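Chain by chain, the residues run as shown.
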Amino acid sequence: KVDLSHCRLEELEPMKALTELPRLKVLDLSFNRLAVLPEALGRDVALEELDVTANRLAAFPADISAWSHSLTKLIARGNMLRELPDPFLGALRALRVLNVGENGIAALGDGIAGCPALEKLGLARNLLRGLPGGLEGCGRLR
């Protein structure tokens, strides 16, 4: 586990060591000033939990293939997210917990159906006008 919360980080690029920790399972980057996550984050590691609460993220990296098979918990409350694209959601097959509350998300696409392991979905304090489509593909939601 690596906890870098409350460090006033503005970027992770100088921290290439994070991509060289093959046993890293939990990464806490909460309460920083990150506007982007590097594409290499999660590469060559089996990252299971990522917390990026209270940063300045407007989007996640386009290529999240490194996370797709191992990430089970993604917490991204209190950022500047406006959407979670279907390809992003659909790639997170092992995801059990997703909390994207307190963002500006107006709609969650059908890509959520690509998360069959999802048990908890936090969408509070967003701009949603209705339930996301595709929830029927998330038979484990409690």
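As shown above, the structure is provided for reference.
Every value quoted in this text rests on a predicted model; they were computed, and no experiment measured them. (Residues numbered from 1 in each chain as written. Predicted model: local features only at pLDDT ≥ 70, side-chain atom pairs only at ≥ 80, totals over all residues. Heavy atoms only, no water.)

Before going further, it helps to spend a moment on the overall build of the protein. Helix and strand content of the protein: one helix and six strands. Of the regular secondary structure in the protein, the N- to C-terminal order runs β-β-β-β-α-β-β. In terms of overall dimensions, the protein is globule-like: its C-alpha atoms have a radius of gyration of 14 Å, near the 14 Å expected for 142 residues. Restricting to contacts in the protein with at least 6 residues of sequence separation, those with at least 24 account for 38%. (Helix = DSSP H or I, 4+ residues; strand = E, 2+ residues; numbered from the N terminus. Rg over C-alpha atoms; globule rule 2.2 N^0.38 Å. Contact = heavy atoms within 4.5 Å.)

Okay, unusual backbone geometry next. Despite not being glycine, R8 has its phi angle at roughly 60°, a positive value. One can find R8 in the loop between β1 (2–3) and β2 (26–28). The exposure class assigned to R8 is exposed, which follows from its relative accessible area of 62%. Even without a glycine there, the phi angle at R125 is positive, about 60°. Assignment of secondary structure puts R125 in the segment after β6 (120–122). On the basis of relative accessibility, which here comes to 66%, the residue R125 falls in the exposed class. (Buried < 20%, exposed > 50% of the residue type's maximum accessible area, 1.4 Å probe, protein only.)

Below, the discussion takes up the environment of G137. With respect to the helices, strands and loops of the structure, G137 is situated in the segment after β6. G137 gets classed as partly exposed once you look at its relative accessible area, which sits at 28%.

The subject of this paragraph is the packing of aromatic side chains. Taken as a whole, this structure holds one aromatic pair when the rule is applied. Here the aromatic rings of F60 and F88 are separated by 4.8 Å at their centres, their planes lie at 10°, and the arrangement is stacked. With F60 in the loop between β3 (49–51) and β4 (73–75) and F88 in helix α1 (residues 86–91), the pair connects residues that are 28 residues apart, well separated along the chain. The residues F60 and F88 share a single accessibility class, namely buried. (Phe/Tyr/Trp six-rings, centres within 6.5 Å; stacked < 30°, edge-to-face > 60°.)

Turning to the pattern of salt bridges, a few remarks are in order. Enumeration over the complete set of coordinates arrives at two salt bridges. In this structure, E10 and R33 form a salt bridge, with 3.9 Å as the shortest nitrogen-oxygen distance. Of this pair, E10 sits in the loop between β1 and β2 while R33 sits in the loop between β2 and β3, and the two are 23 residues apart along the sequence. Looking at R33, the relative accessible area reads 32%, which means it is partly exposed. Between R142 and E119 there is a salt bridge, and its shortest N-O distance comes to 2.5 Å. You can see R142 sitting in the segment after β6 and its partner E119 sitting in the loop between β5 (97–99) and β6, a full 23 residues away along the chain. (Salt bridge = Lys/Arg side-chain N within 4 Å of Asp/Glu carboxyl O.)

Next up on the list: the sheet that holds β5. An order of β1-β2-β3-β4-β5-β6 is seen for the six strands of this open sheet, with the pairing classed as parallel. Pairing within the sheet leaves two strands with one partner each, and these edge strands are β1 and β6. Sheet topology places β2 next to β3; three bridges connect them, and they run parallel. In the strand pairing of β3, L27 is matched with L50. (Pairing = 2+ DSSP bridges.)

On to a positive patch on the surface, then. Positive charge collects at one region of the surface, where K1, K73, R96 and K120 lie side by side. Tracing the chain through its elements places K1 in the segment before β1. (Patch = residues over 30% accessible without salt bridge, like charges linked within 9 Å, V, L, I, M, F, W, Y side chains within 5 Å. Areas by Shrake-Rupley, 256 points an atom, 1.4 Å probe, with all protein chains shown as cover. Lys, Arg positive; Asp, Glu negative; His and termini not counted. Charge placed at Lys NZ, Arg CZ, Asp CG, Glu CD.)

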